[in-house]
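Secondary and tertiary structure notes
In case you want the letters, here they are:
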Amino acid sequence: MLTHAAANLCLPDDVGMGRARYGVHVEARRADGTGYTLLRLGPYAQSWLASRDSDRLNTELAGRAALAIPGFTVTAKDAAFDVSDHDSYTDPYGADVTALLAAALAGVGE
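Read on for an overview of the structure. Everything numeric in this text was worked out from a predicted model, so none of it was measured. (Residues numbered from 1 in each chain as written. Predicted model: local features only at pLDDT ≥ 70, side-chain atom pairs only at ≥ 80, totals over all residues. Heavy atoms only, no water.)

A few words on the overall build of the chain. Helix and strand counts for the chain stand at four helices and three strands. In the chain, the succession of helices and strands from N to C terminus is α-β-β-α-α-β-α. Going through the 110 residues of the chain one by one, you find that 28% of them count as buried. In the chain, of all internal contacts separated by at least 6 residues, the share reaching a separation of at least 24 is 67%. Carbon and sulfur atoms provide 55% of the accessible area of the chain, an area that totals close to 7200 Å². (Helix = DSSP H or I, 4+ residues; strand = E, 2+ residues; numbered from the N terminus. Buried < 20%, exposed > 50% of the residue type's maximum accessible area, 1.4 Å probe, protein only. Contact = heavy atoms within 4.5 Å. Areas by Shrake-Rupley, 256 points an atom, 1.4 Å probe, with all protein chains shown as cover.)

Further remarks concern the side chain of Thr-98. With respect to the element layout, Thr-98 can be found in helix α4 (residues 97-109). A polar contact is formed between the side chain of Thr-98 and the side chain of Asp-96, at a distance of 2.6 Å. In this structure Thr-98 touches Arg-56, Leu-57 and Glu-60, once residues within four positions along its chain are discounted. (Polar contact = N/O pair within 3.5 Å; in protein donor to acceptor, adjacent residues only side chain to side chain.)

On to the pattern of salt bridges, then. Oppositely charged side chains can pair when the atoms bearing their charge come close. Taken as a whole, this structure holds six salt bridges when the rule is applied. Among the ionic pairs, Arg-56 bridges to Asp-53, the shortest N-O distance being 3.6 Å. On the criterion of helical spacing, the pair formed by Arg-56 and Asp-53 is a turn pair, its members being three residues apart in helix α2 (residues 47-62). The class of Asp-53 is buried, set by a relative accessible area of 2%. When salt bridges that share partners are traced, they join Arg-52, Asp-53, Arg-56 and Asp-96 into one network. (Salt bridge = Lys/Arg side-chain N within 4 Å of Asp/Glu carboxyl O.)

One broad trend across soluble globular proteins is that nonpolar side chains are buried collectively. Of all hydrophobic cores here, the largest spans 20 residues; its most connected members are Val-26, Leu-38, Leu-57 and Val-74. Those elements giving two or more residues to this core turn out to be β1 (22-29), β2 (35-44), α2, β3 (73-80) and α4. (Core = buried A, V, L, I, M, F, W, Y, C linked by side-chain atoms within 4.5 Å.)

A separate point is the packing of aromatic side chains. If you walk through the whole model with that rule in mind, you get three aromatic pairs. A ring pair is formed by Tyr-44 and Tyr-93, whose centres lie 5.9 Å apart and whose planes are at 55°; its orientation type is tilted. Here Tyr-44 is found in strand β2, whereas its partner Tyr-93 is found in the loop between β3 and α4, with 49 residues between them in sequence. (Phe/Tyr/Trp six-rings, centres within 6.5 Å; stacked < 30°, edge-to-face > 60°.)

A separate point is α2. Spanning 16 residues, α2 covers 22 Å between terminal C-alpha atoms, matching the ideal 22 Å at 1.5 Å per step. Listed as buried for α2 are Leu-49, Ala-50, Asp-53, Ser-54, Leu-57 and Leu-61. The buried residues of α2 occupy an angular sector of 135° when projected down its axis, which confines them to one face. Exposed residues lying more than 90 degrees from the buried face of α2 are Trp-48, Thr-59 and Ala-62. (Expected span 1.5 Å × (residues − 1). Arc of directions from axis to C-beta.)

If you trace the three strands from one edge of the open sheet to the other, you get β2-β1-β3, paired in antiparallel fashion. For this open sheet the edge positions go to β2 and β3, each flanked by a neighbour on one side alone. For this sheet, the mean inter-axis angle between neighbouring strands, taken without regard to orientation, is 20°. Here β1 pairs with β3 via eight bridges, running antiparallel. Bridge pairing links His-25 to Lys-77 in β3. Across the sheet, α2 is in contact with β1, β2 and β3; its angle to β3 comes to roughly 180°. (Pairing = 2+ DSSP bridges. Axes fitted to C-alpha atoms, helices over the stretch in contact; angles between N-to-C directions.)

Following this line, the structure appears as structure tokens:
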């Protein structure tokens, strides 16, 4: 990428690879490792955006870790976006990811 920029060339459209897609999964796990996914966010076009939202969600969860879901540890982690399962993902763009987390946690309590 840098060599193209240094030579004032555009990047080629087709480099033989599909576009990278990233996601964030918010998971609830018991101490024995069993659990489930509460929320899937994606696709993100860049890994740093997924990582940023994952960090924001983990910061939000740190303040209420014991209260989120009793008996579970809830964490957000970067993950590969699964295109074949795209219906289970929530589009993070233009959304407040902490509000999406709050709604997912509220849905568990119902």
